[in-house]
Amino acid sequence: MLGERFPSDSFPICRIETDRWHSTFSQSQQAQATGVLEAGGLILLPRLAFQISDYERPCLMPQCVRQGSKHVSFDPRTGAMRGATRQVQRAKSLQPLLQRYAEQAAALVRSLFAYDVRSLEVARTSFRPFETSDRISSWRKDDRRLHVDAFPSSPNQGRRLLRVFSNVNPEGRERVWNVGEPFEAVARRFLPTIARRWPGQARLLYALRITRSLRTEYDQIMLQIHDGMKADDSYQASVASTQLSFPAGSTWVLQTDAVSHAALSGQFMFEQTFLLPVDRMQDPSRSPLRILERLAGRRLA
Ligand code: SIN
Ligand code: FE
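Residues numbered from 1 in each chain as written. Chains lettered and ligands numbered in written order. Predicted model: local features only at pLDDT ≥ 70, side-chain atom pairs only at ≥ 80, totals over all residues. Heavy atoms only, no water.

So, on to the state of the cysteines. Among covalent bonds in proteins, the disulfide is the one between the sulfur atoms of two cysteines. Scanning all chains against the criterion turns up 0 disulfides. Free cysteine C59: the closest other cysteine sulfur is in C64, separated by 7.2 Å. The exposure class of C64 is buried, given its relative accessible area of 0%. (Disulfide = S-S within 2.5 Å. Buried < 20%, exposed > 50% of the residue type's maximum accessible area, 1.4 Å probe, protein only.)

This is the structure we're talking about:
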């Protein structure tokens, strides 16, 4: 069921041929998938589709997103939805889909990886119905440029970002990504360009409600790496990358805080985010937090 392959240069991909969200994996399969994930690779499930019924299909349209939002986001813990038009909010047509995606993605990661179920925190779900080139207001928000994920208002304080993506394009179109160099190479390149923060900055941002929790020095560095990568035209043009295409009806899983990625084309996707404490990893030394701490020579979170 599991197979590892290295399509070009050395980007690790673990391919799993299941078509069920509730699968059972052996301990050795879990260890292998977890190893590829933590090595900065990707788990590809080419036949694992997020099923949408004919009855639900009409709500999959870009018009369900409110003006000014990039996607619809959902909190599976509270059922709250953001970024949808008032009409969609009232019709309650999208919530059941987002809820089901969150549940199926959780079932997958709990069975596939060698992590204690209680250590995986379920974060946001999103539905992204726009063509990847639409609604880009600035280079900072342009996910067509290689970047690692870091979120200005939601500091993760060192925890890993584990994300599940499913291409649900109804016309059978693939989603195309580029993946770039390993995190340590990114960190070595951008860490020297990063400004130290001033005392009291994290508390001020929190007090002003710009962040939902305290922005650690780790979060601040990750944001600057995210911005530095996207803003650097010559880096974007010259860094080695591998193009991957995800067919309609497929699912893929990776840690987007460490895997440099860019979405080149595609439309209609669901995504679920999980947070994982660094000390619950099989090998914490591979986390962006520990790599940055090693390079900086001090604790960052
Ligand atoms: C992202 O950059 O995290 C989003 C990728 C995508 O839209 O496919
Ligand atoms: Fe991203």
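Turning to the coordination of the iron ion (ligand 2), a few remarks are in order. Binding of the iron ion (ligand 2) to the protein goes through H147 (NE2), D149 (OD) and H261 (NE2), at separations of 2.1 to 2.2 Å. Summarised as a motif, the one-chain spacing of the donors to the iron ion (ligand 2) is H-x1-D-x111-H. Within this pair, whereas D149 is found in the loop between β6 (121-128) and β7 (160-167), its partner H261 is found in strand β11 (residues 261-265), the two being separated by 112 residues in sequence. When its relative accessible area of 5% is taken as the criterion, H261 is described as buried. (Donors = N, O, S within 2.8 Å, 3.2 Å for Na, K, Ca; no water. Helix = DSSP H or I, 4+ residues; strand = E, 2+ residues; numbered from the N terminus.)

What the rule picks out here adds up to 1 cavity of 30 Å³ or more. Approximately 80 Å³ is the volume attributed to the largest cavity. Forming the walls of the largest cavity are 14 residues, and the residues nearest its centre are A150, F151, N156, D219 and M222. The element best represented in the lining of the largest cavity is helix α6 (residues 217-231), accounting for 4 residues. Class assignment of the residues belonging to the lining of the largest cavity gives a composition of 8 nonpolar, 2 polar and 4 charged. (1 Å grid on protein atoms, 1.4 Å probe; cavity = no way out; pocket = protein on both sides within 12 Å on 5 of 7 lines; lining within 4 Å. Points joined across faces, edges and corners; volume = space filled by probe spheres on them. Nonpolar A, V, L, I, M, F, W, Y, C, P; charged D, E, K, R; others polar.)

Right, let's get into unusual backbone geometry. Phi at Q157 takes a positive value of approximately 55°, unusual for a residue other than glycine. Relative to the elements of secondary structure, Q157 occurs in the loop between β6 and β7. Despite not being glycine, R209 shows a phi value in the positive range, around 65°. Inspection of the secondary structure assignment puts R209 in the loop between α5 (201-207) and α6. For R209, a relative accessible area of 75% corresponds to the exposed category.

A word on the sheet that holds β11. In sheet architecture, strand pairing relies on hydrogen bonds along the backbone and comes in two forms, parallel and antiparallel. One open sheet accounts for 3 strands, arranged β9-β8-β11; its pairing is antiparallel. Of all strands in the sheet, those with a lone pairing partner are β9 (242-246) and β11, marking the two edges. On average, each strand axis in the sheet is tilted by 30° relative to the strand beside it, whichever way the strands run. In terms of strand pairing, strand β8 (residues 175-179) meets β11 through 4 bridges, oriented antiparallel. (Pairing = 2+ DSSP bridges. Axes fitted to C-alpha atoms, helices over the stretch in contact; angles between N-to-C directions.)

To continue, consider the site of ligand 1. The full set of residues close to ligand 1 is R128, D143, H147, D149, R163, R175, W177, H261, A263 and M269. Between an oxygen atom of ligand 1 and a side-chain N or O atom of H147, the distance comes to 3.0 Å. One nitrogen or oxygen atom from the side chain of W177 is found 2.9 Å from an oxygen atom belonging to ligand 1. For the shell around ligand 1, the secondary-structure elements that each account for two or more residues are β8 and β11. Within the shell around ligand 1, the residues separate by chemical class into 3 nonpolar, 2 polar and 5 charged. (Near = heavy atom within 4 Å. Polar contact = N/O pair within 3.5 Å; in protein donor to acceptor, adjacent residues only side chain to side chain.)

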